[in-house]
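# Working through the structure, step by step
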Amino acid sequence: MDYFAKQPGPGPRLKRQPLMHHFYYTWCRAEHSLSGNAGWGIRSVSPGFPEHEAHQLVPNANYQFLDTVSPENSPVRLAYVKHPELGYILIHAVAIGQCPGQSRGGNYFVHCLTDLGENFDGFEAICHWSSPSWVVEDFDSPSGPPPWNAPSLNLDSIEETIGKNLKKTEYFESAMYCLEAFLTLDDDQKLFIAGQSAEVAQLIRVVGACLPKKRKKEMTFSTYDSLDSPPNVKIMGCFFVDPATEDFPPYHYLEGFFSLNTYTQKRSVAPPTSNFARGILPLLRDYGGGQVQIIHDFIEQ
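Notes on the structure in this doc start here.

The rules behind the values
Residue indices follow the written sequence of each chain, beginning from 1 at its first position. It should be noted that, the model being predicted, local features are given only for residues of pLDDT at least 70 and side-chain atom pairs only at 80 or more, the latter also being counted only at that level, while totals for whole chains, interfaces and linings use all residues. Side-chain figures throughout are based on the complete set of non-hydrogen atoms in the structure, without hydrogens or water. In this scheme, a residue with accessible area under 20% of its type's maximum is buried, one over 50% is exposed, and one in between is partly exposed, where area comes from a 1.4 Å probe on protein chains only. Labels follow the DSSP assignment, with helices taken as runs of H or I lasting at least four residues and strands as runs of E lasting at least two, numbered in each case from the N terminus. The pairing criterion is simple: DSSP has to find at least two bridges between the two strands. Take the residue count of a helix, subtract one, and multiply by 1.5 Å to get its expected span. Residue contacts are defined here by distance: any two heavy atoms, one from each residue, within 4.5 Å place the two residues in contact. Only the stretch in contact is used when fitting a helix axis, every axis being a line fitted to C-alpha atoms; angles between N-to-C directions are given from 0 to 180 degrees. Here, a salt bridge means any Lys or Arg side-chain nitrogen found within 4 Å of an Asp or Glu carboxyl oxygen.

### A word on the pairing of strand β8 (residues 191-194)
Residues of β8 alternate between two faces, with Leu191 and Ile193 on one and Phe192 and Ala194 on the opposite face, all of them buried. One ladder, built from four bridges, connects β8 with strand β10 (residues 235-238); its direction is parallel. Bridge pairing links Ala194 to Cys238 in β10. Of the strand pairs in this sheet, β8 and strand β11 (residues 258-261) are connected by four bridges, and their pairing is parallel. When the bridges of β11 are listed, Ile193 appears paired with Leu260.

Right, here's the structure in full:
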């Protein structure tokens, strides 16, 4: 799929999504959950989405709430993972603070998409990082959150942001490290990126923009998760409440690990030099995604 292909007519290049199913997961009042019970549960599911499938995905609908960070300053979790039975899913999770009808905090809200479509991949998933289509609060009404429309992508804006970031020398070096590390990963390895979740997402987006179609599909990720319970993804983001005193464990900087701390620019041993990465990343920076796609199309012929 050519993500950067020009569309006929005026206006920005938009990519619209196929029909997807989705569900919401959060702490619910009694009678406000799918089961009717109070506590953590499925808030509602989209029409036509089998309830038993939503329950199969609940273990993926998690979020590590940080008691010492306000909801507005908390990291955002966008995760593209592969469920063993239901295929690829996309999860968006945010901290929302106090549980409805309770004095205790710790609540979060998860919006999970499934039935993503055959051509949906990791690059497309990370491009939905800042989509206004995500539902991020419950509204605490018996009817649940408002109607939801499948998101669309403004590819012009995405490509412009990628190019602008890559023109910064330090950012380009971090992006090159991430790309070369990702290309080196074996089945059991991950690329770890510590930072604000928006910065983690931007670096994942750059990696995805450089990859051929098959590697895009396999680029599973999470912009925020705990090192204590890492998900089965290839790229994992971490958040440090106090970057001045927190860091990856020392072993993360030893050979065999690929870890980048964007707070301090500390990184583990450099991955092997990749001629592909050294050629494609400057091309993306200087000429945009269209030229990258041309190269991939030529190679695949």
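### A short note on helix α7 (residues 275-287)
Between the first and last C-alpha of α7 there are 18 Å, a value that for 13 residues agrees with the 18 Å anticipated at 1.5 Å per step. Those residues of α7 that sit buried are Ala277, Ile280, Leu281, Pro282, Leu283 and Leu284. Gly288 occupies a position one or two residues after α7 and carries a positive phi of about 90 degrees.

### Remarks on the sheet that holds β8
Through backbone hydrogen bonds, the strands of a sheet pair up, either in parallel or in antiparallel fashion. Strand order across the open sheet formed by ten strands is β3-β2-β6-β5-β4-β9-β10-β8-β11-β12, with mixed pairing between neighbours. Of all strands in the sheet, those bounded by a partner on one side alone are β3 (39-45) and β12 (266-267). Relative to the sheet, helix α4 (residues 169-184) contacts β8, β10, β11 and β12, its axis offset from that of β11 by approximately 160 degrees. Where helix α5 (residues 197-210) meets the sheet, its contacts fall on β8, β9 (221-222), β10 and β11, and the angle it forms with β8 comes to roughly 145 degrees.

### Some points on the pattern of salt bridges
The final tally for this structure, using the stated rule, is six salt bridges. Across the pair Glu180 and Arg278 runs a salt bridge, and its minimum N-O distance is 2.9 Å. Within this pair, whereas Glu180 is found in helix α4, its partner Arg278 is found in helix α7, the two being separated by 98 residues in sequence. Across the pair Glu218 and Lys214 runs a salt bridge, and its minimum N-O distance is 2.6 Å. Highlighted residues: Glu218 and Lys214, both in helix α6 (residues 213-218), separated by four residues, approximately one helical turn. Taking relative accessible area as the criterion, Glu218 reaches 33% and is therefore assigned partly exposed. Classification of Lys214 as exposed rests on a relative accessible area of 58%. Connected through shared salt-bridge partners, Lys214, Arg215 and Glu218 make up one network.

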